[in-house]
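Structural overview
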Amino acid sequence: CLVALFELLFTYWLYHPASIPAGLKSSYKYYYEVYNFRIIQYEKKIISFNTELLYTLKPNTEIDFKNVEFNTRLRINKYGFRDDDASAMGPEIICLGDSFTMGWGLDDSASFPEILQRKTGKKVLNTGTPSYGTARELLLMERLDTSQLKYIIIQYCSNDKDENVSFISNHNKLDLTPLPVFKSYIRSYEFGRKYFPGKNFLLTSQVWMKKQFNKVYPLFRLSGQPYSEDFDSHEHAFTFFKVLQKFREKYKNVKIIVTNVDVNKYRGNTFIDELKRQADSAPTDETKNIIFVNSIKDLTDDDYFILDHHINSSGHQKVAEKLLEAIRMNP
């Protein structure tokens, strides 16, 4: 009976994260990310396996996607993007990025690509695909109608680095996870998300206890949590530039806006500053059409979900405003 009562309390806190006691918040974030968090790229109803890109969003799909802090409707067009079919026909602006660009946790109209379309009056295509790195995002461009293209917006996130490093070391080719291995990740993910009586209380309290012991001596290794590495801005910028230069020649007459949207932990990163520094030392003809926009520096805790590491509607509004300013200053 005691376990049942605690399970009810811990479940209430999980679904009302603003009420989580401060001392439990980090344990809840760990539990959410490792045992509860629904991840689009591991949801078989939402993705379609692809031999060139590993997966895309499933074309012509409309499905609910929810986590404890949101319940949204995903509408995927016939090209595999969270946008309508018309936006893919001669867009003037193409937004490349991952789940941040896609508008994770928000209605379609609240994502920054949609805000840009309303504010600029230009046709904007949102190609954001969860967990894509810069290399896959730019490879998507080869499938798109770029006849009217004026701007490419590339949203960078810290988890792009591994894919970019792999792409460079593999002679500018994607080194994709073998499909059987990827499917095994999905099975492991599905198993970890299964509910059993007392799960929320027992696992969250277990994580909390391990954290307390680790404060005295690091006895327990809490593995599986993303974004655990330090952010090396130099390395992130260097590998990003390497990938971008592979594709830049195709779009030398298009303005490329590079911006950074990342998890709250990395909000203080200097990625854009480091990109500017490296661009200053590169030949002018390689960087003359590239515009750098630091979108993350104005974000606050209030612009993020509490447990989920994505930005909320106010965060997207701030990102859109920074990009709008860059577009207006570079017509």
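For the structure, check the block above.
Starting from 1, residues in each chain are numbered consecutively following that chain's sequence as written. Where local features are concerned, this predicted model is filtered to residues with pLDDT of at least 70; where side-chain atom pairs are given and counted, the filter is 80 or more; whole-chain, interface and lining totals use all residues. Excluded from the side-chain calculations are hydrogens and water; all other atoms, namely the structure's heavy atoms, are used.

A closer look at the packing of aromatic side chains
Rules: In summary, the pairing rule links any two rings of Phe, Tyr or Trp, Trp by its six-membered ring, whose centres are within 6.5 Å, and it sorts them by plane angle into stacked for under 30 degrees, edge-to-face for over 60 and tilted for everything else. Helix numbers and strand numbers start at the N terminus; a helix is a DSSP run of H or I with at least 4 residues, a strand a run of E with at least 2. Burial classes: relative accessible area under 20% of the type maximum marks a residue as buried, over 50% as exposed, and values in between as partly exposed (1.4 Å probe, protein chains only).
Here the structure, examined in full by the defined rule, presents 23 aromatic pairs. Aromatic side chains Phe70 and Phe305 sit 5.6 Å apart centroid to centroid with 45 degrees between the ring planes, which places their arrangement in the tilted category. With a gap of 235 residues between them, Phe70 in strand S4 (residues 70-76) and Phe305 in the loop between strand S9 (290-293) and helix H12 (313-329) connect regions that are remote in the sequence. As far as the burial class goes, Phe70 and Phe305 line up, both buried.

Examining unusual backbone geometry
Positive phi is not limited to glycine here, since Asn60 has a value of about 55 degrees. Within the fold, Asn60 resides in the loop between strand S2 (54-57) and strand S3 (61-67). Phi angles above zero are rare outside glycine, and His171 is one such case at about 60 degrees. As for its position among the elements, His171 is in the loop between helix H6 (160-169) and helix H7 (179-192). A residue is classified by how much of its surface remains accessible, and His171, at 67% relative accessible area, is exposed.

Observations concerning a nonpolar patch on the surface
The cut-off we apply is this: Residues enter patches when their relative accessible area tops 30% and they take part in no salt bridge; the joining distance is 9 Å for like charges and 5 Å for the nonpolar side chains Val, Leu, Ile, Met, Phe, Trp and Tyr. Note that accessible areas follow from Shrake-Rupley with a 1.4 Å probe, and for residues the cover is restricted to the protein chains shown. A pairing counts as a salt bridge when a side-chain nitrogen of Lys or Arg comes within 4 Å of a carboxyl oxygen of Asp or Glu.
A cluster of nonpolar side chains, contributed by Trp208, Met209, Phe213, Val216, Tyr217, Leu219 and Phe220, occupies part of the molecular surface with about 770 Å² of accessible area. Turning to its location among the elements, Leu219 is positioned in the loop between helix H8 (199-216) and helix H9 (233-248). Look at Leu219 and you get exposed, because its relative accessible area is 54%.

What about the environment of Val207?
Stated precisely, the cut-off is as follows: Whether two residues touch is decided by their heavy atoms; if any such pair falls within 4.5 Å, the residues are in contact.
As for its placement among the helices and strands, Val207 is situated in helix H8. For Val207, a relative accessible area of 3% translates into the label buried. For Val207 and Leu24, which are 183 residues apart along the polypeptide, the C-alpha to C-alpha distance reads 9.5 Å. Excluding its chain neighbours within four sequence positions, the residues that come into contact with Val207 are Ser27 and Tyr30.

Considering the nonpolar core
To be explicit about the condition: Only buried residues count toward a nonpolar core. Its members are Ala, Val, Leu, Ile, Met, Phe, Trp, Tyr and Cys residues joined through side-chain atoms within 4.5 Å.
Core analysis: the largest hydrophobic core is formed by 66 residues, its most contacted members being Leu116, Met141, Ile152, Ile257, Val258, Phe271 and Leu275. Leaving out residues up to four positions away in the same chain, Ile152 has contacts with Ile94, Leu96, Met141, Tyr251, Val254, Lys255, Ile256 and Ile257. Judged by nonpolar contacts, the second largest core, of 28 residues, contains Ile40, Phe201, Phe305 and Leu307.

Examining the pattern of salt bridges
Where side chains of opposite charge bring their charged atoms close, a pairing between them can arise. Counted according to the given criterion, the structure contains 18 salt bridges. Between Glu52 and Arg143 there is a salt bridge; the shortest N-O distance is 3.0 Å. With Glu52 in the loop between strand S1 (47-50) and S2 and Arg143 in the loop between helix H5 (134-140) and strand S7 (151-156), the pair connects residues that are 91 residues apart, well separated along the chain. For Glu52, a relative accessible area of 53% puts it in the exposed group. Looking at Arg143, the relative accessible area reads 43%, which means it is partly exposed. Glu274 serves as the salt-bridge partner of Arg277, at 2.7 Å between the closest nitrogen and oxygen. Residue Arg277 and its partner Glu274 are both found in helix H10 (residues 271-280); the two are separated by 3 residues, about one turn of the helix. With relative accessibility at 46%, the residue Arg277 sits in the partly exposed group. Judged by relative accessible area, which is 13%, Glu274 ranks as buried. The network of salt bridges with shared partners includes Glu62, Asp64, Arg73, Arg75, Arg82 and Asp108.

Observations concerning the pairing of strand S5 (residues 93-96)
Our working definition: Two strands are counted as paired when DSSP detects at least two bridges linking them.
Every second residue of S5 is oriented toward a common face, with Ile93 and Cys95 on one face and Ile94 and Leu96 on the other, all of them buried. Across 3 bridges, the pairing between S5 and strand S6 (residues 124-126) is parallel. What sits directly across from Cys95, in S6, is Asn126. Looking at chain direction, S5 and S7 are connected through 4 bridges and run parallel. Note that in S7 the partner of Ile94 across the bridge is Ile152.

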